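Working through the structure, step by step
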Amino acid sequence: MTQIIFLPHEELCPDGAVLEANKGDSVLDVALKNGIGIEHACEKSCACTTCHIIVREGFDSLAESDELEDDLLDKAWGLEPESRLGCQAFVNDQDLVVEIPKYTLNHASEDH
């Protein structure tokens, strides 16, 4: 099994987490199954940026992003070269170290 190491996030996983993942699992699904409530406003359909993550280690083991994901990522808060959408980042055979950005842009949120 592959491990996904989530770096500490003030609200979603204050102590960080080390989670087991199977090849082909999305980073988002692994997080959600383990109680890390990464936002996913479009219900994992690659139509928003709320599940934006930054892959600090293991980025090159992921399949390349497609044009739709790249276009969406251009709108994400805090975009970095190793940014991906959690719903589109599928585990391969290398461990990942993932950072959940502090902020997200959710245009459907009722909080603003």
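Please refer to the structure placed before this passage.
For the structure given in this document, a descriptive report is provided here. Source: prediction; values computed, not measured.

For the structure shown, the criterion picks out four salt bridges. The partner of aspartate 29 in a salt bridge is lysine 44, and the shortest N-O contact between them spans 2.7 Å. With a gap of 15 residues between them, aspartate 29 in helix α1 (residues 27-33) and lysine 44 in the loop between α1 and β3 (52-57) connect regions that are remote in the sequence. As a salt-bridge pair, glutamate 69 and arginine 84 come within 2.8 Å of each other at their nearest N and O atoms. Pair noted here: glutamate 69 is in helix α2 (residues 67-73) and arginine 84 is in strand β4 (residues 83-85), with a separation of 15 residues, a long-range link. Salt bridges sharing common partners tie together Arg56, Glu80 and Glu99.

Let's shift gears to unusual backbone geometry. Of note, the phi angle at lysine 44 is positive, near 70°, even though the residue is not glycine. Here cysteine 46, not a glycine, exhibits a phi torsion of approximately 60°, which is positive. Looking at where cysteine 46 falls in the secondary structure, it is placed in the loop between α1 and β3. The buried category is assigned to cysteine 46, whose relative accessible area is 7%.

Rules and cut-offs
- Residues numbered from 1 in each chain as written.
- Predicted model: local features only at pLDDT ≥ 70, side-chain atom pairs only at ≥ 80, totals over all residues.
- Heavy atoms only, no water.
- Salt bridge = Lys/Arg side-chain N within 4 Å of Asp/Glu carboxyl O.
- Helix = DSSP H or I, 4+ residues; strand = E, 2+ residues; numbered from the N terminus.
- Buried < 20%, exposed > 50% of the residue type's maximum accessible area, 1.4 Å probe, protein only.

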